[in-house]
Amino acid sequence: MDTQVLIIGAGATGLTLALDLSRRGVPFRIVDAAPAPFAGSRGKGLQPRSMEVFHDLGVIEPVLASGRFHMKMRAYRGTEVVREWDVHEGREPTVDRPYAATMLIPQFRVEQILREALPQAVEYGTPLTSFTQDEHGVTAVVGGETVRARYLVGCDGGKSFVRKELGVSFVGETHEDMRMLVGDVRLSGLDREHWHQWGGRADQWLALCPLPGTDLFQFQATGDGDPSVELYREIIRDRTGRDDVVLRDVTWMSLFRTNIRMVDRFRVGRVFLAGDSAHVHSPAGAQGMNTGIQDAYNLGWKLGMETLLDTYEAERKPVAEWLLGMTTAIAMSGNPFQRRGDETLQLSLSYRTTDGPGLQPGDRMPDGVTAEGRVFDLLRGPDFVTLDLPDGPVLVRPDGYVAAVGRSAIDAYFGANPVTQLHHRRVAAGSAA
């Protein structure tokens, strides 16, 4: 084998997977057909559960330093401010939820942080052009080079070459009537303390959101046509009714069509699909980048240990189904920027297979304070961890979800999945004084 895992696509999903594999010492290559990293913002909302992932992966500090919480929405009628509100008002950190609200951060900054944390470079300008698989591995041609890997993971977006080559169905619909012009722009006349919005009617909606850590605003507007600087200037002029908001420059622009689709399978043999290659949806609710990060985080430890690989689809496919329904409901609500429900934070997602009171297998392990330190700090790393809590032991998976509760259940889990015990440590977690 030339490598253990060949990752196709270097967006947030592929980079998260690469970083997780790297800390396990698992050989990988990550390739991307593009000649360089994507420069547009695309997504800009990072959910609390993704922040918990980044805490574990050791990159939370630069992420937090690059983003902003609780930026208020400001709605206008021309120059008049008609309303201000915080979509996440009242959501503040607690002991069990150290990251309590969505953070604004451009996706390109998230990806830059992940790239800088990798011990090896992304291979840009290296397209996947073909692959075959057998019972022992995958043979792929990338950038004209033949590569043999034990596994291949398609993180190559909504137009995924990997998915199409596999013949996996991408079931759903395209909403041709739901189009949005987007871009990253420089402009004058607006402060950077608010997410500015205009438009009493859906077809006249315009939003200009400061991108933290940059001098850019993200431009979003309902409409159609070929994106151009002049079109964006016209929209700003017409919908704000102001001549003091002046578009100076555009660094990226695109026409977004709402697709609501997902695959019927997340795995075919030794090939897996993750992120937008497996599911695409409305941008409402800021879920896309985050769900790809969760896909990668669920899959990484299973590839590294070569165990429980079938549970990747079993656990992530229901999440994708829920995601499509939830984001569509927000988009169709008529008020997509009202206070968001707790479900958008992704902290309540669970892989439970049975119901019951209290902490159950499949639940997210909450943070907390013990005599030995923060729970999340005790869990940080690539291993299964048994936390010896005052109420009894809890076995936590490498992705922060509960595997088993109680000594007999933990022994049974290891008995059914013996390789996991080879990647296990036990930590005392007594009550804090």
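The structure this text deals with has already been given above.
Remember, predicted model here, so these are calculated numbers, not experimental data.

A.B. asks: Give a description of the overall build of the chain that names residues and reports values.
C.D. replies: For the chain, the helix and strand inventory stands at 11 helices and 25 strands. For a compact globule of 433 residues, the expected C-alpha radius of gyration is about 22 Å, and the chain comes in at 22 Å, within 12% of that figure. With respect to the principal axes defined by its C-alpha atoms, the chain has extents near 70 × 60 × 35 Å. Residue pairs in contact within the chain that sit at least 24 positions apart in sequence constitute 69% of those at least 6 positions apart. When the accessible surface of the chain is summed, it comes to about 17,500 Å², and 50% of that surface belongs to carbon and sulfur atoms. When the 47 positive and 56 negative side-chain charges of the chain are each reduced to one mean point, those points stand 1 Å apart.

A.B. asks: Give a detailed account of the side chain of aspartate 56, specifying residues and quantitative values.
C.D. replies: Locating aspartate 56 in the fold gives a position in helix H2 (residues 48-57). The class of aspartate 56 is buried, set by a relative accessible area of 9%. The contact partners of aspartate 56, leaving out residues within four places of it in the chain, are Arg23, Tyr297, Leu379, Arg380, Gly381 and Pro398.

A.B. asks: Any chance you could break down the packing of helix H1 (residues 12-23) against helix H7 (residues 288-305) for me, citing the residues and the numbers?
C.D. replies: At a minimum axis distance of 8 Å, the contact between H1 and H7 shows a crossing angle of 30°. Here H1 lies roughly parallel to H7, going by the angle between them. Read as a crossing pair, H1 and H7 show a hand that is right-handed. Where H1 approaches H7, its residues Ala12, Thr13, Thr16, Leu17, Asp20, Leu21 and Arg23 are matched on the opposing element by Met289, Gly292, Ile293, Ala296, Tyr297, Gly300, Trp301, Leu303 and Gly304. Split into classes, the residues belonging to the contact of H1 with H7 amount to nine nonpolar, five polar and two charged.

A.B. asks: Requested: an account of the nonpolar core, with residues and values cited.
C.D. replies: With 65 residues, the main nonpolar core has Phe54 and Leu303 as its most contacted residues. Every residue in contact with phenylalanine 54, bar those within four places of it in the chain, is listed here: Thr16, Leu46, Val59, Ile60, Val63, Val110, Leu114 and Ile293.

A.B. asks: Account for the packing of aromatic side chains, naming residues and giving values.
C.D. replies: In total, this model carries 10 aromatic pairs according to the counting rule given. Ring centres of phenylalanine 219 and tyrosine 232 lie 4.1 Å apart, and the angle between their planes is 5°; this geometry places the pair in the stacked category. With phenylalanine 219 in strand S15 (residues 217-222) and tyrosine 232 in helix H6 (residues 229-240), the pair connects residues that are 13 residues apart, well separated along the chain. With relative accessibility at 0%, the residue phenylalanine 219 sits in the buried group. A ring pair is formed by phenylalanine 266 and tyrosine 312, whose centres lie 5.8 Å apart and whose planes are at 70°; its orientation type is edge-to-face. Residue phenylalanine 266 is located in the loop between strand S16 (246-263) and strand S17 (267-268), and its partner tyrosine 312 is located in helix H8 (residues 310-332); the two are separated by 46 residues in the primary sequence. You'll find phenylalanine 266 and tyrosine 312 in the same group, each marked buried. The ring of phenylalanine 38 carries arginine 42 above its face, with NZ or CZ at 3.6 Å from the centroid. Taking the ring centre of phenylalanine 217 as reference, the NZ or CZ of arginine 192 above it sits at 4.9 Å.

A.B. asks: Any chance you could break down helix H10 (residues 407-416) for me, citing the residues and the numbers?
C.D. replies: Listed as buried for H10 are Ile410, Tyr413 and Phe414. When H10 is viewed along its axis, its buried side chains cluster within an angular range of 95° and face the same direction. Turned more than 90 degrees off the buried face of H10, the exposed positions are Ser408, Gly415 and Ala416. Contacts made by the buried residues of H10 are with H7, strand S22 (384-389), strand S23 (392-396), strand S24 (402-405), helix H11 (418-421) and strand S25 (424-428).

A.B. asks: Hey, could you go over the sheet that holds S25 for me, with residue numbers and the actual values?
C.D. replies: A sheet is described by the order of its strands in space; here four strands give the open sequence S24-S23-S22-S25, paired in mixed fashion. Looking at the sheet topology across the chains shown, the edges are occupied by S24 and S25. Neighbour-to-neighbour, the strand axes of the sheet open up by a mean angle of 20°, direction not taken into account. Of the pairings in the sheet, the one linking S23 to S24 comprises three bridges and is antiparallel in character.

A.B. asks: Now, about the pairing of strand S2 (residues 28-32): what can you tell me, with residues and values included?
C.D. replies: Of all five residues in S2, five are buried, a share of seventy percent or more. Neither face of S2 is exposed, since Phe28, Ile30 and Asp32 on one face and Arg29 and Val31 on the opposite face are all buried. Of the strand pairs in this sheet, strand S1 (residues 3-8) and S2 are connected by four bridges, and their pairing is parallel. Considered in S2, the bridge of isoleucine 7 is made with isoleucine 30. A crossover links S1 with its parallel partner S2, the connecting element being H1, and its sense is right-handed. Taken together, the two bridges between S2 and strand S8 (residues 123-124) define a ladder with parallel strand orientation.

A.B. asks: I'd like a description of the pattern of salt bridges, backed by residues and values.
C.D. replies: Counted under the stated rule, the structure contains 30 salt bridges. Between arginine 23 and aspartate 56 there is a salt bridge, and its shortest N-O distance comes to 2.7 Å. Placement of arginine 23 in helix H1 and of aspartate 56 in helix H2 is noted, with a sequence separation of 33 residues between them. Here aspartate 295 makes a salt bridge to arginine 316, at a shortest N to O gap of 2.7 Å.

A.B. asks: Go over the side chain of threonine 370 with me, naming the residues and quoting the values.
C.D. replies: Structurally, the position occupied by threonine 370 is in strand S20 (residues 369-370). From its side chain, threonine 370 meets the backbone nitrogen of glutamate 372 in a polar contact 3.1 Å long. At 2.8 Å, the side chain of threonine 370 and the backbone oxygen of glycine 373 are in polar contact.

Rules of the game
Residues numbered from 1 in each chain as written. Predicted model: local features only at pLDDT ≥ 70, side-chain atom pairs only at ≥ 80, totals over all residues. Heavy atoms only, no water. Helix = DSSP H or I, 4+ residues; strand = E, 2+ residues; numbered from the N terminus. Rg over C-alpha atoms; globule rule 2.2 N^0.38 Å. Contact = heavy atoms within 4.5 Å. Areas by Shrake-Rupley, 256 points an atom, 1.4 Å probe, with all protein chains shown as cover. Lys, Arg positive; Asp, Glu negative; His and termini not counted. Charge placed at Lys NZ, Arg CZ, Asp CG, Glu CD. Buried < 20%, exposed > 50% of the residue type's maximum accessible area, 1.4 Å probe, protein only. Axes fitted to C-alpha atoms, helices over the stretch in contact; angles between N-to-C directions. Parallel < 35°, antiparallel > 145°, perpendicular 65-115°, else oblique. Left-handed = near helix turned anticlockwise from the far one by under 90°. Nonpolar A, V, L, I, M, F, W, Y, C, P; charged D, E, K, R; others polar. Core = buried A, V, L, I, M, F, W, Y, C linked by side-chain atoms within 4.5 Å. Phe/Tyr/Trp six-rings, centres within 6.5 Å; stacked < 30°, edge-to-face > 60°. Lys NZ or Arg CZ within 6 Å of the ring centre and 35° of its normal. Arc of directions from axis to C-beta. Pairing = 2+ DSSP bridges. Right-handed = clockwise from strand over helix to strand, strands pointing away. Salt bridge = Lys/Arg side-chain N within 4 Å of Asp/Glu carboxyl O. Polar contact = N/O pair within 3.5 Å; in protein donor to acceptor, adjacent residues only side chain to side chain.

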